[in-house]
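Read off the chains here:
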Amino acid sequence: DLQLLHDINIHWSSTLLMIEHAILLCAAIDRFLDSCDFPELKKYKLNDVEWQALNVFKDILSACRSFKPCDVPHAFQQKLSSEKTPTLCDSIPSFEAMSRVWQQQADKYPDRAAVIQPGLDKLEAYHAHISCVPAYVLTMGESLKIFRCKV
C-alpha cells in the first residue's frame, strides 16, 4: 500500500521520506503524469536529470546511514523530538554531528557542495544561537551527572 507523502514544514525530516517515496513510485508517477486524463499536470513531470537530482538530495539527507552509529540527519529530528527522553542536552552534540557528516560528504563529493553548503550555513547559524543559551550547556552537564549516578 504505497502512497506519496507531502512535506511538512514543522517536521523537516519529512522531506527525506517524501523524496524516498517519490523515487520508489517514480514509474507510477510518470505513468500518471503521461496519461491523457490530466493534461494540465504534465508540466510537473520530472525529466531524467531532475530524478537524478532528487536522488542526490536523498543521498545528502540520508548521508549518515553510511556513518552509523550517528543519528543524523534524518534521525536527528527524531532524536530531538522525543516525548519521553530529555533531549535538550543532545542539541549541541547533534548539531555538531550533523554538520560533521554533511561536511564530510561535501569534501567527498565536491559536485554536491553547493547543495550542502546552505544546510551547513543554517546549522552553523542555529548552533551559534543555541550556544549562547546557558540552558543547553547546563542540561548537558546535568545529563552527565545522571549517567554517572546510574553507573
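### Comments concerning the environment of L120
Within the secondary structure layout, L120 lies in helix α6 (residues 113–131). Sequence separation of L120 and M98 is 22 residues, and the distance between their C-alpha atoms is 8.7 Å. Here L120 is in contact with S99, W102 and Q103, once residues within four sequence places are set aside.

### So, the confidence of the model for the protein chain
Summarising the model, the protein chain shows a mean pLDDT of 77, and 66% of its residues fall at 70 or more. Highest mean pLDDT in the protein chain belongs to helix α2 (residues 26–34) (93); lowest belongs to helix α7 (residues 134–150) (58). Contacts from residues 66–72, a stretch scored under 50 in pLDDT, to residues over four places away or in other chains number 12 contacts.

### Re the pattern of salt bridges
The full count for this structure, using the stated rule, is four salt bridges. One salt bridge in this structure joins D59 and R112, with 3.3 Å as the shortest N-O distance. One end of the pair, D59, is in helix α3 (residues 48–61); the other, R112, is in the loop between α5 (91–108) and α6, and 53 residues separate them in sequence. Through salt bridges with shared partners, a single ionic network connects D34, K42 and K45.

Conventions adopted
- Residues numbered from 1 in each chain as written.
- Predicted model: local features only at pLDDT ≥ 70, side-chain atom pairs only at ≥ 80, totals over all residues.
- Heavy atoms only, no water.
- Helix = DSSP H or I, 4+ residues; strand = E, 2+ residues; numbered from the N terminus.
- Contact = heavy atoms within 4.5 Å.
- pLDDT = per-residue confidence, 0-100.
- Salt bridge = Lys/Arg side-chain N within 4 Å of Asp/Glu carboxyl O.

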